[in-house]
Amino acid sequence: MNRVLSDTIDALLDAANPEPPELLREMTEYGREQEFPIVGPDVGQFFRVAATLADAERVFEFGSGFGYSAAWFRTALPADGDIVLTDYDESNLATAREFLDRQDGATAHYEAGDAMATFEDYDGPFDVVLLDHDKPLYVEAFEDAREKLADGGVVVADNVMAGPVEPENVTAALDGAEPVDDHTEAIAEYVAHVRDDPGFETAFVPLGEGISVSVKR
Ligand SMILES: C[S@@+](CC[C@H](N)C(=O)[O-])C[C@H]1O[C@@H](n2cnc3c(N)ncnc32)[C@H](O)[C@@H]1O
């Protein structure tokens, strides 16, 4: 994982954050072994707090991989809550099911295929929506999520600073330079889109690979 913060701050976060539950520690290790692009434990803890602040009962994930971010959200959801996991790759979702079956909590729905189409099939409201799928689809997914998001609900998006992009390239694109590639163009477009949306209050948080948090007014 290509983290944004310095080693010093990373070490502080490791020391300061609560010890993750055993299953999450195992999943972090699995992600690192497989070199799978998970959000990581600092962002996971942040998601847990965001879901708690939103009093979340229902979560939809665009891009779930093997269920790491979902397992973090689930730690904050009530037992009668719901979380929808999506991924193109059925084998990722099969692994997610194996891990999440070992965790008590909200009902998990595993939806293989295009997350954009899956989202159309679900009624709202959702309290939290995660964008962690194809970066060029972020703005469209955000717009799709708008009407299905509860008041006070939250859209979190990963990779707004690192991962498939470099922070200085996103900054330059936001300042008007020609984006260096499609991912940079998509992320800069998303950042400006949520920043300028009067219906949401947005903050950018340099944990992990950089996340944006947009709360519906
Ligand atoms: C960065 S990984 C997700 C990681 C996960 N959120 C976590 O932190 O544990 C992105 C995943 O999204 C999936 N993906 C990308 N675009 C998608 C789409 N349009 N529909 C469904 N899955 C998609 C990829 O197959 C990949 O497994």
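Everything below is about the structure shown above.
Residues numbered from 1 in each chain as written. Predicted model: local features only at pLDDT ≥ 70, side-chain atom pairs only at ≥ 80, totals over all residues. Heavy atoms only, no water.

1. Quick notes on the layout of surface pockets
Note the following rule: Each cavity reported here is a set of points on a 1 Å grid over the protein atoms alone in which a 1.4 Å probe fits but cannot get out, each pocket an open set with protein on both sides within 12 Å along at least five of seven lines, and each lining residue one with an atom within 4 Å of a point. Grid points are joined across faces, edges and corners, and a volume is the space filled by probe spheres set on the points. Numbering of helices and strands starts at the N terminus; helices are DSSP runs of H or I of at least 4 residues and strands are runs of E of at least 2. Under the grouping applied here, Gly and all other residues not named as nonpolar or charged are polar, the nonpolar ones being Ala, Val, Leu, Ile, Met, Phe, Trp, Tyr, Cys and Pro and the charged ones Asp, Glu, Lys and Arg.
Quantified by volume, the largest pocket comes out at close to 460 Å³. Around the largest pocket sit 26 residues that line it, and Gly63, Ser64, Asp87, Asp132 and His133 are the ones nearest its centre. The set of elements that each furnish at least two residues to the lining of the largest pocket consists of helix H4 (68-74) and strand S2 (82-87). Volume-wise, the second largest pocket comes out at about 210 Å³. Elements supplying a minimum of two residues to the lining of the second largest pocket: helix H1 (7-16), helix H2 (22-34) and helix H3 (41-53). The class makeup of the residues in the lining of the second largest pocket is five nonpolar, three polar and six charged.

2. Structural notes on H3
Condition: Multiplying one less than the number of residues by 1.5 Å gives the expected span of a helix. We call a residue buried when its accessible area falls under 20% of the maximum for its residue type, exposed when it is over 50%, and partly exposed in between, using a 1.4 Å probe and counting protein chains only. Residues count as neighbours in contact if any of their non-hydrogen atoms are within 4.5 Å of one another.
End to end, H3 covers 18 Å across 13 residues, agreeing with the expected 18 Å (1.5 Å per residue, within 8%). Looking only at H3, the buried set comprises Pro41, Asp42, Val43, Gly44, Gln45, Phe47, Ala50 and Ala51. If you follow the buried residues of H3, they end up packed against H1, H2, H4, strand S4 (126-131), strand S5 (149-158) and strand S7 (211-216). Directly beyond the C-terminal end of H3, a positive phi value near 50° is found at Asp55.

3. Brief notes about the site of the ligand
Note the following rule: Here a residue is considered near a molecule or strand provided that any single heavy atom belonging to it is located within 4 Å of it. Polar contacts here mean pairs of N or O atoms no more than 3.5 Å apart (in protein, one a potential hydrogen donor and the other a potential acceptor; neighbouring residues in sequence count only if both atoms are side-chain atoms). Each molecule is assigned to a cavity or pocket provided more than half of its atoms lie within 2 Å of the corresponding grid points.
Taken together, 20 residues lie around the ligand, and Val39, Ser69, Asp87, Ala115 and Asp132 are the ones closest in. For the ligand, a nitrogen atom lies 2.9 Å from a polar atom in the side chain of Ser69. Asn92 places a polar side-chain atom, nitrogen or oxygen, 3.3 Å from an oxygen atom of the ligand. The cavity that encloses the ligand is the largest pocket. A breakdown of the residues in the shell around the ligand according to their chemical character gives nine nonpolar, seven polar and four charged.

4. Overview of the environment of Pro41
Assignment of secondary structure puts Pro41 in helix H3. Accessibility expressed as a relative area gives 16% for Pro41, which makes it buried. Residues contacting Pro41, with those up to four places away along its chain left out, are Thr28, Arg32, Tyr68 and Trp72.

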